[in-house]
Amino acid sequence: MDLMIESFPRLLDATILTIELTLLSLFFGVFVGVFFAVLRTSNIKILCCISYYYSYIFRGTPLLVQIFIIYFGFGQVEWLRESFLWIIFKEPYSCAIIAFTLNTGAYTSEILRSAFETIQKGVLEAAYGLGLNKIHVFFKIKLPIVVKQSLPAYGNEMILMLKGTSLASTVTLLDLTGVAKHIISTTFRPVEVFIVAGSIYLLMTFIIHNFVKILEKKLDYSK
Amino acid sequence: MNKFKRLFLSIFASIILLSTSVLADKIKIGTEGAYPPWNAKDESGKLIGFEIELANFLCIYMKHECTIVEQDWDGMIPALVMRKFDAIMAGMSITDERMKTINFSQGYADEVASLAVMKGSSLEGMDTPKAINLSTGGSAVNNALETLTAALTGKTIGVQTATIHQNFLESGDVGKVNIRTYKTQDEVNLDLAAGRIDAALAAAVAFTDYAEKSGKDVVLVGPTFAGGAFGNGVGVGIRKGDNSSAQGKKDAKLLKDFNKAIDTARKQGKISELAIKWFGFDASM
């Protein structure tokens, strides 16, 4: 119990990095996701293919493997180390953000794609019939439907990403899991420390869960 | 039907016989298998190294049947406490911090710690004695630590997590350095070679082994460290025993057995022999 209370402030400090990693990855991930979802719905076959294989690769391999390839793998490539890109790939922080962004981007693109597919043809025909142009239809008709349709699945993705950031500790970052492991390395008492760390994760997922729930209610046009 | 019954019974009986004979005096030794040349794995995944061979000899002297099991370094002591195995032989130095949680046998080998950098680093050519012992103290040690502090302040140094090397850097003896902790020594070596960290701190043999096998220009710099945070040699980690329970008595006896076996191994020159084979010099103690 003493150890739990003692480790709590340090773990709370580390939570800031966890939140940072989650929010930044989700933020960039949305852009990546929208980009690839739009590519996927395009009529040009090669663009559609690129999007398909991107999501296939990043959804088909473990996040841990992705982060290891980007951090330890790319670190072995001589020409990369000598190029200007090394500024980005040298730091574990940016490597983690890149890995998380690409991973969540793949899932987000799939969520958005399926949401795009739920739009009924009749709705679009009616919109065009009213004389709206393509841009108007995208922003006023398609996007609101897509946002509402994808919200439950995306809420799930946010929670998965939050938990996924625990892998940042494998590339030397001291996030919540990283600091928990660090405390255990000197106290040798994993149970107490992980219970506290787990509770903090649980609290954060609770917040995300309710945030999404409130949003869902707000966007429920049927009411 | 009778045939089946007999077959079934004989299998059942042999299982019981086998398991009891196996259970008698059988101990499990935990090791990391990722800290060459102390303990490592060959291409086929078989455990090899100084401690693997030493463990086999110690078990023969103790007349115990042993199995050596793998365990990630950062969970080594918790796994011992949770009885996943009965002893640790994983290049683990005997330190006061660890003694709060577990017991150690007498030391069987010295781990000489050293800093390493890539060739051409600005840290090469530090003016320090060849070796310092933090326990003895004195002006020579203080001067060396001052030189190190001046050279290392603000630098990024990689260490394996939960090691004496991490403890030393965190003690502040060499000033404020950025510490990066890694799960395995392999990862420390990779990032040192990649230039992500300015220097790394570990057993000197871990670096020379890596340099030899990878062909990378890893060089040792500064003094070798001993004493203080670096502990008093490498020993066998064993649960704290007491007389209040059967398991406690077993653990206390195991500690005695290990100490006796190490004595025997030392007297017969086995430890020296294995040390020279794996380290290239006599690290026995």
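Residues numbered from 1 in each chain as written. Chains lettered and ligands numbered in written order. Predicted model: local features only at pLDDT ≥ 70, side-chain atom pairs only at ≥ 80, totals over all residues.

Digging into the overall build of chain A
Scanning chain A for helices and strands turns up ten helices and zero strands. Projected onto its principal axes, the C-alpha coordinates of chain A cover approximately 70 × 50 × 25 Å. When each of the 223 residues of chain A is scored for burial, the buried share is 35%. Long-range pairs, those at least 24 residues apart, make up 76% of the contacts in chain A between residues at least 6 apart in sequence. (Helix = DSSP H or I, 4+ residues; strand = E, 2+ residues; numbered from the N terminus. Buried ≥ 20, exposed ≤ 12 C-beta atoms within 10 Å, placed from the backbone. Contact = placed C-beta atoms within 7 Å.)

Topic: the pairing of strand 9 (residues 156–160) of chain B
Residues and elements named next belong to chain B. Across the five residues of strand 9, four count as buried, placing the element largely inside the fold. By the bridge criterion, five bridges tie strand 9 to strand 10 (residues 178–182) in an arrangement that is parallel. In the sheet register, T156 faces strand 10, and the bridge partner there is N178. Two strands pair when backbone bridges link them, and strand 9 and strand 11 (residues 199–203) are joined in this way by two bridges, in the parallel orientation. Across the sheet, I157 pairs through a bridge with A199, a residue of strand 11. (Pairing = 2+ DSSP bridges.)

Structural notes on the sheet that holds strand 8 (residues 131–133) of chain B
Residue and element names in this part refer to chain B. The six strands are arranged 8-12-7-11-9-10 in an open sheet whose pairing can be described as mixed. Each having just a single partner strand, strand 8 and strand 10 make up the two edges of the open sheet. Here the average twist between neighbouring strands, direction ignored, is 30°. Pairing between strand 7 (residues 113–118) and strand 11: four bridges, direction antiparallel. The residue bridging A116 from the neighbouring strand is A200, located in strand 11. (Axes fitted to C-alpha atoms, helices over the stretch in contact; angles between N-to-C directions.)

Structural notes on the interface of chain A and chain B
Residue-level contacts link 13 residues of chain A with 18 residues of chain B. Ranked by residues supplied to the side of chain A that touches chain B, first place goes to helix 9 (residues 176–187) of chain A with four residues. Residue composition of the side of chain A that touches chain B, grouped by class: three nonpolar, seven polar and three charged. (Nonpolar A, V, L, I, M, F, W, Y, C, P; charged D, E, K, R; others polar.)

Let's talk about the nonpolar core
The biggest cluster of nonpolar side chains holds 125 residues, and the ones touching the most others in it are A96 of chain A together with A87, I157, A200, A202 and F258 of chain B. Ranked by residues supplied to this core, first place goes to helix 6 (residues 92–117) of chain A with eleven residues. With residues up to four places along the chain from it excluded, the contact list for F258 of chain B reads L58, A87, S105, V236 and I238 of chain B. (Core = buried A, V, L, I, M, F, W, Y, C linked by C-beta atoms within 7 Å.)

Thoughts on the sheet that holds strand 13 (residues 234–238) of chain B
Across a sheet, strands are paired by hydrogen bonds formed along the backbone, either parallel or antiparallel in direction. Residue and element names in this part refer to chain B. One open sheet accounts for five strands, arranged 4-1-5-13-6; its pairing is mixed. Here the strands that pair on one side only, and so sit at the sheet edges, are strand 4 (65–70) and strand 6 (103–109). Taken together, the four bridges between strand 6 and strand 13 define a ladder with antiparallel strand orientation. Pairing of A109 across the sheet is with V234, part of strand 13. The sheet strands contacting helix 9 (residues 246–267) are strand 1 (26–31), strand 5 (87–88), strand 6 and strand 13, and the helix crosses strand 6 at an angle near 10°.

Considering the confidence of the model for chain B
Residues and elements named next belong to chain B. On average, residues of chain B carry a pLDDT of 90, and 92% of them reach 70 or more. Below pLDDT 50 for its whole length, residues 20–24 participates in zero contacts with residues either more than four positions away or in separate chains. Here the complex is predicted with pTM 0.85, and the ipTM for its interfaces comes to 0.84. (pLDDT = per-residue confidence, 0-100.)

A few points about unusual backbone geometry
Residues and elements named next belong to chain B. Along the chain, P36 connects to P37 via a cis peptide bond; the corresponding omega equals 0°. Mapped onto the elements of the fold, P37 is located in the loop between strand 1 and strand 2 (40–41). Residues other than glycine seldom take positive phi values, yet R83 does so here, at roughly 65°. Structurally, the position occupied by R83 is in the loop between helix 3 (76–81) and strand 5. For R83, a count of 11 C-beta atoms within 10 Å gives the class exposed.

Side note on the pairing of strand 7 of chain B
Both faces of the sheet carry side chains from a regular strand, because those side chains alternate between them. Residue and element names in this part refer to chain B. The buried fraction of strand 7 is high, at five of six residues. Summarising the sheet, strand 7 and strand 12 (residues 218–226) pair through six bridges and their orientation is antiparallel. The partner of A113 across the bridge, within strand 12, is F225.

Looking at the environment of L173 of chain A
Mapping L173 of chain A onto the fold places it in the loop between helix 8 (134–164) and helix 9. Excluding residues within four positions of it along the chain, L173 of chain A makes contact with L17, P92, Y93, A96, A168 and G178 of chain A.

Quick word on helix 9 of chain B
Since one α-helical turn is 3.6 residues long, residues separated by three or four positions face the same way. Residues and elements named next belong to chain B. The end-to-end C-alpha separation of helix 9 is 32 Å, in line with the 32 Å expected for 22 residues at 1.5 Å each. Restricting attention to buried positions, one finds in helix 9 the residues D251, L254, L255, D257, F258, A261, I262 and A265. Those residues of helix 9 that are buried lie in contact with strand 1, helix 2 (50–62), strand 5, strand 6, strand 13 and helix 10 (270–279). At the exit of helix 9 stands G269, carrying a positive phi of roughly 75°. (Expected span 1.5 Å × (residues − 1).)

Structural notes on the packing of helix 2 of chain B against helix 10 of chain B
Residues and elements named next belong to chain B. One can describe the packing of helix 2 onto helix 10 by two numbers: an axis separation of 9 Å at closest approach and a directional angle of 160°. In terms of orientation, helix 2 and helix 10 fall into the roughly antiparallel class. The interaxial crossing formed by helix 2 with helix 10 has right-handed handedness. Residue-level inspection shows F50, E53, L54 and F57 of helix 2 in contact with helix 10, the latter providing K270, I271, L274, A275, W278 and F279. Residues that form the contact of helix 2 with helix 10 fall into these classes: eight nonpolar, no polar and two charged. (Parallel < 35°, antiparallel > 145°, perpendicular 65-115°, else oblique. Left-handed = near helix turned anticlockwise from the far one by under 90°.)

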